[in-house]
Amino acid sequence: MTIKLGTREVYGNILAELGEENKDIIVLDADLSGSTRTSEFARKFPDRFFNMGVAEQDMMGTAAGLAIGDKIPFASTFAIFATGRAWEQIRQSICLPNLNVKIVASHGGITVGEDGGSHHCIEDIALMRVLPNMTVIVPGDGYETEAVVRTVTDYKGPVYIRTSREKFPVIYSGDCGFEIGKAKIHHIGKDVTIIAYGLMLHKALDAAKNLRKEGIDAGVINSSTIKPLDKETILEAARVSGALVTAEEHSIINGLGSAVAEILAENNPIPMKRVGIRDRFGMSGKSKELLEHYGLTERDIIKAVRDVMSMKKGSCQSRITPITNQKLSIKGRKLQDSSRFTAEIAEKIQK
Amino acid sequence: MSKSIKELERIAVQIRIDILKMLSEADSGHTGGSLSAADILTALYFSKMRHDPNNPNWNERDIFVLSKGHAAPALYAVLGKSGYFSTDNFSRLRKLGSILRGHPVRGITPGVDVSTGSLGQGLSQANGIALASKIDNKKKRIYVMLGDGEVQEGQVWEAAMTAAHYKIDNLCAILDNNGLQIDGHVNDVMSVDPLPEKWKAFGWNVIEIDGHKFEEILSSLDKAEEITGKPTMIIAHTIKGKGVSFMEGKVKYHGVAPTQDELEKALKELR
Ligand SMILES: Cc1ncc(C[n+]2csc(CCOP(=O)(O)OP(=O)(O)O)c2C)c(N)n1
Ligand SMILES: [Mg+2]
């Protein structure tokens, strides 16, 4: 049985746990604490939780002030209201002075579903990626979420983390680790490598498995940090595979696909294809239907792989051995300690 | 146009039934805030507003902006019943390809003039529509409904200044003052009190009413029309979930649709 865990659930629980050891953690929400899961922290530490009401811009400014006062503020709401409504506050009050504010926004992407276009967020990566000093992360499963939240708590500087309404299958284990700016290499393919994050990472893994059955060696890289992008790993994949596909639950404009294209164009312009939402707003529907409608399925990735492979001129020989079994670390922590919650939940669900 | 209070009350019951049925069918959506707004929307669409469902783009029509866009089911119920589109669409709420989106979208649903769903943006747009109408010397009245949680958004107060500064007296705002938002009571989450004093201080004509009494709704809308030189804010005291006993005043029913069981119980109460 595949275990599924919500990245927002893990965030809420870890935050509540971290709050015990780290009294500097302050949490803010904008009338969505049940959905973002900051409600758990609010229940445990009412004195360090501030509900700002439906006022995202004020929330970002207040978070900036808390950071100036040496606190570690975590500000949460839906992704579109965090990054869209309060963008200029994030730019001016948080990123320009390079303040230690963590923005953890739930309901990223189109799998917000029935609420429709006003609530989908397919622009957040673009909006956050363009800001100097900002780090942009989308964890790929529960374990990685736990590692991410622990890591960014110790890191000083603005961070944007997208969590999802949809639950993701658990693909890592307790020692998956996380380092800002370091991609997780599942495999570098001789024929093609798919770079993805979040929900689409799972579709990419499925696509690669099925492509392998046809004899196509498709690799997968989890680029959970979209900024700073792991340039070294991407160029290595480009060199070995000779063709790349990016896949993301985001607009094809200015997301991971654009970031990878920028690196390729300047260093090694090989064929690439982007899977993403093609410059359209979303509409209401069930998440699964929307993913199909907007071209975000395993099938769409496979099609992109075929297209990009036909663009490849001649064959490409592997010059280096693909990296396997990468072990990343969380600074200054024993890895077993860093995944306690996720392991517990995973065990509970399995029973 | 001039329907009796009794008739309006009867229509409002049907509107509530339609809201609950479409939400239950959709299996998601915002119940509480749709029910608290139902009587005001009924009064506007079936008595007060000059509009023509057969001619949704009629130049002289009055305009309604649902700034608290999550109450879309209430808006769709009155638009459908008025005849802007077939009520068959009700069962397609929130479904893929439907004209009834989770939140209102201009150009998708006949009768919807303004796209909302992100709170706090409706009043500014209503101001713009009202200004355009004034520039063209039209007799249009512009109505806009806000939530009491929604007015926590700073943009609402920027728009409040604009409406007073430019003496936008063809505009009438209605505040669905049901006392609740998502995370709890408005007073606990982020107090907006004292509302009448705030709007008065911002230069508005303020009227307070019971938002479930048609006499009061209609007379306040009439009074607003007589005021010149300033915009009017009708603070409507309402009950979230109004009409269904087990939903009334319950935070829980903000963003969940009734289950089949709840729907049957609710329909029994309403019929
Ligand atoms: C900008 C923005 N932030 C957050 C939300 C999520 N949201 C939807 S409804 C709601 C609460 C609104 O409360 P209120 O205005 O009182 O509505 P009502 O009680 O009438 O349903 C929130 C926070 C949103 N739609 N838009
Ligand atoms: Mg309310």
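See above for the structure.
Source: prediction; values computed, not measured.

**Q** Help me get a handle on the interface of chain B and chain A, residues and values and all.
**A** Every contact between the two is made by 24 residues of chain B and, on the other side, 23 residues of chain A. For the pair chain B and chain A, the summed buried area comes to about 1900 Å², and 47% of that belongs to carbon and sulfur atoms. Area buried by chain B at its contact with chain A is led by B:Leu96, B:Glu153 and B:Asp183, which between them contribute 31% of it. Where chain B touches chain A, the interface holds two salt bridges. Among the ionic pairs, A:Asp115 bridges to B:Arg94, the shortest N-O distance being 2.7 Å. Where chain B meets chain A, there are 14 residue pairs in polar contact (both at pLDDT 80 or more). Here the residues of the side of chain B that touches chain A are counted per class, giving five nonpolar, 14 polar and five charged.

**Q** Before we move on, could you go through the packing of helix H1 (residues 5-26) of chain B against helix H2 (residues 32-48) of chain B and cite the residues and values that matter?
**A** All names here are of chain B. As a packed pair, H1 and H2 sit with axes 9 Å apart at the nearest point and diverge in direction by 130°. It follows from the interaxial angle that H1 and H2 lie oblique. Once H1 is placed against H2, the crossing between them reads as right-handed. In this structure, H1 uses Leu8, Ile11, Ala12, Ile15, Arg16, Ile19 and Leu20 to contact H2, whose residues at the interface are Ser34, Leu35, Ala38, Asp39, Thr42, Phe46 and Ser47. Across the contact of H1 with H2, the residue classes tally to nine nonpolar, three polar and two charged.

**Q** Lay out the environment of B:Val13 in plain terms, naming residues and giving numbers.
**A** All names here are of chain B. Relative to the elements of secondary structure, valine 13 occurs in helix H1. Residue class for valine 13 comes out partly exposed when judged on its relative accessible area of 30%. Considered as a pair, valine 13 and valine 114 are 101 residues apart in the sequence and their alpha carbons are 26 Å apart.

Calculation rules
Residues numbered from 1 in each chain as written. Chains lettered and ligands numbered in written order. Predicted model: local features only at pLDDT ≥ 70, side-chain atom pairs only at ≥ 80, totals over all residues. Heavy atoms only, no water. Contact = heavy atoms within 4.5 Å. Buried area = accessible area lost by both parts, 1.4 Å probe. Salt bridge = Lys/Arg side-chain N within 4 Å of Asp/Glu carboxyl O. Polar contact = N/O pair within 3.5 Å; in protein donor to acceptor, adjacent residues only side chain to side chain. Nonpolar A, V, L, I, M, F, W, Y, C, P; charged D, E, K, R; others polar. Axes fitted to C-alpha atoms, helices over the stretch in contact; angles between N-to-C directions. Helix = DSSP H or I, 4+ residues; strand = E, 2+ residues; numbered from the N terminus. Parallel < 35°, antiparallel > 145°, perpendicular 65-115°, else oblique. Left-handed = near helix turned anticlockwise from the far one by under 90°. Buried < 20%, exposed > 50% of the residue type's maximum accessible area, 1.4 Å probe, protein only.

Without other data, these values stay purely geometric and don't point to any function.
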